[in-house]
Amino acid sequence: IQRSLTNILDNAQRYAQEAWVSIVETEDHIKILVDDNGPGIPDDSRQDVFRPFFRLETSRNLKTGGVGLGLTITQDIIHTHGGKIMLDSSPMGGLRVIMKIPK
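Residues numbered from 1 in each chain as written. Predicted model: local features only at pLDDT ≥ 70, side-chain atom pairs only at ≥ 80, totals over all residues. Heavy atoms only, no water.

A. Spotlight on the sheet that holds strand β1 (residues 19-25). If you trace the four strands from one edge of the open sheet to the other, you get β1-β2-β4-β3, paired in antiparallel fashion. Of all the strands in the sheet, just β1 and β3 (84-89) have a single pairing partner and so form its edges. Strand-to-strand, the axes of this sheet are offset by a mean angle of 15°, without reference to chain direction. Pairing of β1 with strand β2 (residues 29-36) involves seven bridges; the strand directions are antiparallel. Its bridge partner being in β2, serine 22 is matched across the sheet by leucine 33. The sheet strands contacting helix α1 (residues 2-15) are β1, β2, β3 and β4 (95-102), and the helix crosses β2 at an angle near 15°. Helix α2 (residues 70-80) rests against β3 and β4 of the sheet, and its axis sits at about 130° to β3. (Pairing = 2+ DSSP bridges. Helix = DSSP H or I, 4+ residues; strand = E, 2+ residues; numbered from the N terminus. Axes fitted to C-alpha atoms, helices over the stretch in contact; angles between N-to-C directions. Contact = heavy atoms within 4.5 Å.)

Structure below.
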């Protein structure tokens, strides 16, 4: 789970100026929300970013983007723990990542 959160926060740090993390705990799950004020991800690409080696940033410069495995690894970790990961628009103007993990 720590690796998943690190991957999400690394992306937020790379693409946004600010990020906010909130955690909501219920009887049966923990929901982690990460909101940023970056450019976000277009609706039609939100499922693609979970595919291995898929990158929205098309240059080959690793300083401006990774190799396209961070969200794939994050999704695999969350699913392995019986959880879900979803992408949405953030009220902060960028991307919202929602990770819902059962207790």
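B. Quick look at the pattern of salt bridges. The final tally for this structure, using the stated rule, is five salt bridges. We note a salt bridge from lysine 103 to glutamate 25, for which the minimum N-O separation is 2.6 Å. Here lysine 103 is found in the segment after β4, whereas its partner glutamate 25 is found in strand β1, with 78 residues between them in sequence. Residue lysine 103 shares its accessibility class with glutamate 25, and that shared class is exposed. (Salt bridge = Lys/Arg side-chain N within 4 Å of Asp/Glu carboxyl O. Buried < 20%, exposed > 50% of the residue type's maximum accessible area, 1.4 Å probe, protein only.)

C. Spatial organisation of the packing of α1 against α2. It is at 9 Å that the axes of α1 and α2 come closest, and there the two elements cross at 150°. As judged from the angle between their axes, α1 and α2 are roughly antiparallel. Relative to α2, α1 is oriented so that their crossing is left-handed. Here Arg3, Ser4, Asn7, Ile8 and Asn11 of α1 come into contact with α2, specifically with Gly70, Leu71, Ile73, Thr74, Ile77 and Ile78. When its residues are assigned to classes, the contact of α1 with α2 shows five nonpolar, five polar and one charged. (Parallel < 35°, antiparallel > 145°, perpendicular 65-115°, else oblique. Left-handed = near helix turned anticlockwise from the far one by under 90°. Nonpolar A, V, L, I, M, F, W, Y, C, P; charged D, E, K, R; others polar.)

D. α1, seen in detail. Between its first and last C-alpha, α1 extends 20 Å over 14 residues, near the 20 Å set by a 1.5 Å rise per residue. Among the residues making up α1, those that are buried are Ser4, Asn7, Ile8 and Ala12. Looking straight down α1, one finds its buried side chains confined to an arc of 130°; they lie on one side. What points out from α1, more than 90 degrees from its buried face, is the exposed set Gln2 and Gln13. (Expected span 1.5 Å × (residues − 1). Arc of directions from axis to C-beta.)

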